[in-house]
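Coordinate inspection notes
What follows is each chain in one-letter form.
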Amino acid sequence: MLDTREHNLPVGTICVEDLEIGMTRSLAKTITDREIELFAEVSSDRNPVHLDDAYAQDTIFEGRIAHGMLTAGLISAVIGEQLPGHGTVYLGQTLRFMAPVRPGDRVEAEVTVLTIDHAKRRVTLDCKCRVGDTVVLKGEATVLAPSRKFD
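Quick caveat, the model's predicted, so the values are computed rather than measured.

The next point concerns the pattern of salt bridges. The tally for this structure, following the rule as stated, stands at 6 salt bridges. Note that D18 is salt-bridged to R148, the shortest N-O span being 2.5 Å. Pair noted here: D18 is in the segment before β1 (24-30) and R148 is in the segment after β6 (134-144), with a separation of 130 residues, a long-range link. Between K29 and E35 there is a salt bridge, with the nearest N and O atoms lying 2.4 Å from each other. When its relative accessible area of 12% is taken as the criterion, K29 is described as buried. Relative accessible area serves as the criterion here: at 14%, E35 is assigned to the buried category. Through salt bridges that share partners, D33, D53 and R64 make up one connected network.

Let's shift gears to the environment of T71. Tracing the sequence through the fold places T71 in helix α4 (residues 68-81). Looking at T71, the relative accessible area reads 3%, which means it is buried. Remark: the alpha-carbon pair of T71 and I31, spanning 40 residues in sequence, is separated by 8.5 Å.

What follows covers the nonpolar core. Ranked by size, the top nonpolar core spans 30 residues in total, and within it L19, I31, I75, I79, V111, V123 and L125 carry the most contacts. Mapped onto this core, the elements with two or more residues apiece are α4, β4 (106-117), β5 (122-131) and β6. Ranked by the residues each element gives to this core, the list is headed by α4, at 6 residues. Those residues within four positions of I75 in sequence are excluded, and the remaining contacts are Y90, Q93, A109, E110, V111, C127, K128, C129 and L137.

The subject of this paragraph is the environment of I14. Here I14 lies in the segment before β1. Residues I14 and K149, spaced 135 residues apart in sequence, show a C-alpha to C-alpha distance of 13 Å. Once you skip the residues sitting within four places of it in the chain, I14 turns out to touch L19, M23, R25, Q82, L83, P84 and P146.

Let's shift gears to the side chain of T112. Locating T112 in the fold gives a position in strand β4. A polar atom in the side chain of T112 sits 3.0 Å from the side chain of T24. Excluding anything up to four places from it in sequence, T112 contacts G22, M23, T24, T124, L125 and D126.

Criteria and cut-off values
Residues numbered from 1 in each chain as written. Predicted model: local features only at pLDDT ≥ 70, side-chain atom pairs only at ≥ 80, totals over all residues. Heavy atoms only, no water. Salt bridge = Lys/Arg side-chain N within 4 Å of Asp/Glu carboxyl O. Helix = DSSP H or I, 4+ residues; strand = E, 2+ residues; numbered from the N terminus. Buried < 20%, exposed > 50% of the residue type's maximum accessible area, 1.4 Å probe, protein only. Core = buried A, V, L, I, M, F, W, Y, C linked by side-chain atoms within 4.5 Å. Contact = heavy atoms within 4.5 Å. Polar contact = N/O pair within 3.5 Å; in protein donor to acceptor, adjacent residues only side chain to side chain.

Next up, the structure:
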């Protein structure tokens, strides 16, 4: 369950007219065994590195890890709930998985506005997830931001 007390700002919508380069929003979430199991069920990705302690112990990770896309989903949550927020349409996303996320890790997902094309309502966002000081995921998202003129 997402702890809304860990959001740095309330959920909602920031229209393209109000966005500024450098705006940042984030959320933090502790990844639980239950969430890893639920993600495996929903995604049909039952790779034993996520679900089987004995199997995962003999991998390069030396233990179970969360699905990379589960971690990436936290970026989606920031974009869809905070920046730009409700009404945002995803156009693209790049991702680089830098380090594993393990059950019990507290992940902070952060999104920052890099560029804004007001005429096309397109916004490029820098995306990062950290566990402590370690960047575990980074990338860029391109989104169609909501507008007071059209939405």
